[in-house]
Structures are given as C-alpha cells and as structure tokens.
Amino acid sequence: MEKTATLIKRASLSVNQLDNIKIGDLLSDEFGKSGKVCEIEKINRHGEFHYYFKLFKSGTILIIL
C-alpha cells in the first residue's frame, strides 16, 4: 500500500495539525514542493511558531504561524 502525501496549505493550518506531522511522513505544499520528512525543527520566536520540515533530497518547507 502506497502512502499519499499530506498537502500543506498555509492559509488553513493549525499548530495541532503541524504537531501531528512526524519524521517519515510524506508532505507536499501548495507550491509543488514535496518529499519525505527527514528532520523537523520547531521554534517559538516572539509569539510566532516556526516549523521547518527538512525533506529528503527536496529542500525544506517553512511554515510560520
């Protein structure tokens, strides 16, 4: 059974949805970047939540809430 990628739309995300993403999940964003998550970094800075999802061989998806 093949996994389908979780689509990330920045306009409709919540912190709980982002916290449910784990290493090994497949992600894609509305700009076409997609891949398997190999590292996650969460930073709370000045009341904003920064989520960095490093993708295997595909770069990084940054979400700021």
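The notes below deal with the structure included here. As the structure is a computational prediction, the values presented were derived from the model and not from experiment. (Residues numbered from 1 in each chain as written. Predicted model: local features only at pLDDT ≥ 70, side-chain atom pairs only at ≥ 80, totals over all residues. Heavy atoms only, no water.)

**Details of the overall build of the chain**
Okay, step 1: The helix and strand tally for the chain stands at 1 helix and 5 strands.
Okay, step 2: Beginning at the N terminus, the succession of helices and strands in the chain can be written as β-α-β-β-β-β.
Okay, step 3: Across its three principal directions, the C-alpha atoms of the chain cover 40 × 20 × 20 Å.
Okay, step 4: Residues counted as buried form 23% of the 65 residues belonging to the chain.
Okay, step 5: Counted over contacts in the chain with a minimum sequence separation of 6, partners at least 24 positions apart contribute 21%.
Okay, step 6: For the chain, the accessible area works out to roughly 4,700 Å², and carbon and sulfur atoms hold 52% of it.
Okay, step 7: Taking the average place of the 10 positive charges on the side chains of the chain and the average place of its 8 negative ones, the gap between the two points comes to 3 Å. (Helix = DSSP H or I, 4+ residues; strand = E, 2+ residues; numbered from the N terminus. Buried < 20%, exposed > 50% of the residue type's maximum accessible area, 1.4 Å probe, protein only. Contact = heavy atoms within 4.5 Å. Areas by Shrake-Rupley, 256 points an atom, 1.4 Å probe, with all protein chains shown as cover. Lys, Arg positive; Asp, Glu negative; His and termini not counted. Charge placed at Lys NZ, Arg CZ, Asp CG, Glu CD.)

**Focus: the pattern of salt bridges**
Okay, step 1: Applying the stated rule across the entire model yields 3 salt bridges.
Okay, step 2: The shortest N-O distance in the salt bridge between arginine 10 and glutamate 30 comes to 3.3 Å. Taken together, the positions of arginine 10 in the loop between β1 (6-8) and α1 (15-19) and glutamate 30 in the loop between β2 (26-29) and β3 (34-45) put the pair 20 residues apart, joining distant regions of the chain.
Okay, step 3: Look at the salt bridges and you will find they share partners, linking Arg10, Asp29 and Glu30 into a network. (Salt bridge = Lys/Arg side-chain N within 4 Å of Asp/Glu carboxyl O.)

**Examining the nonpolar core**
Okay, step 1: If you look at the biggest cluster of nonpolar residues, it comprises 11 residues: Ile8, Leu13, Leu18, Ile21, Leu27, Val37, Tyr51, Phe53, Leu55, Ile61 and Ile63.
Okay, step 2: Contributing elements (two or more residues each) for this core: β4 (48-55) and β5 (59-64).
Okay, step 3: The element best represented in this core is β4, accounting for 3 residues.
Okay, step 4: Here leucine 27 is in contact with Ala5, Thr6, Ile8, Ile21, Lys33, Ser34, Gly35, Val37, Phe53 and Ile61, once residues within four sequence places are set aside. (Core = buried A, V, L, I, M, F, W, Y, C linked by side-chain atoms within 4.5 Å.)

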